[in-house]
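Geometric and topological summary
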Amino acid sequence: MTGRPPRRCGIVHTAAEIAAIREAARATAWVRDGLCGMVQPGMTTLDLDRMAGELIRQTGGRSAFLGYHGFPGQVCISVNDEVVHGIGRADRVLQPGDLVSLDVGVRLGIGVGDTAATVCAGGAPGPLQERLLLVTSESLAAGIGAARAGRDVCEIGCAVERVVKAAGFRVVRDFVGHGCGTELHEPPEVPNFAMKPRGPVLKPGMVLAIEPMVNIGTERVTVDPGDRWTVRTADGGLSAHFEHLVLITEQEAEILTCPKTPAFE
Ligand code: MG
């Protein structure tokens, strides 16, 4: 989930906090991957939300999103032109070829994990969908590569934006990544674009949720006036969202929400 943390420097977490965040992140990735594997045409997004709730329960944690500023779902489920913060609905039936963005947050003990991935419902994505998924995940990888101690936060956004621009797509500017760890949204903000000021210098022990939201058309987005949550592209074009939680170290950043996580069953 994206958000606006307070404008302060990043938080350097203690070793005990990092141990807890690591466990929460592992649980979050496990739920994300389990849920991604369940996406099928014909199911509703409310079905998916209920499955997410069951997976989260199996980790021993609880949803970090449910009730957050009144958010009503276990996870965020955003389809096609929905960018982020979509809510599971009984009347939203997934169609073959739909792009489904799944954003998962789990609180486990004092730790919080936050991660997202976009998948295609039912079989192989079309060429445009496939390119959007590839570019968005590559932009996340570039952002993670730039997240090194001694650099400033801006370098993450510069790296993300470079990949997206080169592909002819656009990064969303109204929503950004964020620090995370013992709260869902901690400082600093982590934009997916070049910014001024350039943000705080990264230090080992900081934990960041890096999460490019990439549109095939305009970068402009609107918020649903009815539910006040669902963010859509202003032109109705497709959008994708990938997010990893990373720990800043003395060397390259460690991805805490890696795909291969042991089972919680
Ligand atoms: Mg997030």
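Note that the structure is a prediction, hence the values are computed from the model and not measured.

Some thoughts on the sheet that holds strand β12 (residues 231-233)
One open sheet holds the three strands; their spatial order is β3-β12-β11, and the pairing between them is antiparallel. For this open sheet the edge positions go to β3 (82-84) and β11 (221-223), each flanked by a neighbour on one side alone. Sheet twist, expressed as the mean angle between neighbouring strand axes with direction ignored, is 40°. The pairing of β3 with β12 spans two bridges and is antiparallel. Its bridge partner being in β12, Val84 is matched across the sheet by Val231.

Description of the pairing of strand β4 (residues 99-108)
Counted residue by residue, β4 has ten buried out of ten residues, so it is predominantly covered. Inspection of the sheet shows strand β1 (residues 62-63) paired to β4 by two bridges, in the antiparallel sense. Looking at the pairing, Ser63 lines up with Val106 of β4. Relative to β4, strand β2 (residues 76-79) is paired through four bridges, and the arrangement is antiparallel.

Points about the pattern of salt bridges
Within this structure, the stated rule accounts for 13 salt bridges. Here Glu23 and Arg26 are joined by a salt bridge, their closest N and O atoms 3.3 Å apart. In this pair, Glu23 and Arg26 are both assigned in helix α1 (residues 15-36), three residues apart and thus about one turn of the helix distant. Residue classification places Glu23 among the partly exposed positions, given a relative accessible area of 36%. Overlapping salt bridges, with partners in common, bring together Glu82, Arg92, Asp224 and Arg232 in one network.

Focus on the nonpolar core
Of all hydrophobic cores here, the largest spans 56 residues; its most connected members are Leu48, Val100 and Ile210. Of all the elements in the fold, those that place two or more residues in this core are α1, α2 (45-59), β2, β4, β5 (111-120), α3 (127-146), α4 (154-166) and β9 (207-210). For Leu48, the residues in contact, after removing those within four places along its chain, are Leu35, Val39, Met43, Ile77, Leu94, Val100 and Leu102. Core analysis: the second largest hydrophobic core is formed by 18 residues, Val112, Cys180, Ala209 and Leu245 among them.

Focus on the sheet that holds β9
In space, the five strands of this open sheet follow the order β8-β7-β9-β14-β15, with antiparallel pairing throughout. Each having just a single partner strand, β8 (186-190) and β15 (254-255) make up the two edges of the open sheet. Strand direction decides the pairing type here: strand β7 (residues 177-179) and β8, joined by three bridges, are antiparallel. In the sheet register, Gly177 faces β8, and the bridge partner there is Val190. Running over the sheet, α1 touches β9, β14 (244-247) and β15 and is turned about 155° from β14.

Basis of the calculations
- Residues numbered from 1 in each chain as written.
- Predicted model: local features only at pLDDT ≥ 70, side-chain atom pairs only at ≥ 80, totals over all residues.
- Heavy atoms only, no water.
- Pairing = 2+ DSSP bridges.
- Helix = DSSP H or I, 4+ residues; strand = E, 2+ residues; numbered from the N terminus.
- Axes fitted to C-alpha atoms, helices over the stretch in contact; angles between N-to-C directions.
- Buried < 20%, exposed > 50% of the residue type's maximum accessible area, 1.4 Å probe, protein only.
- Salt bridge = Lys/Arg side-chain N within 4 Å of Asp/Glu carboxyl O.
- Core = buried A, V, L, I, M, F, W, Y, C linked by side-chain atoms within 4.5 Å.
- Contact = heavy atoms within 4.5 Å.

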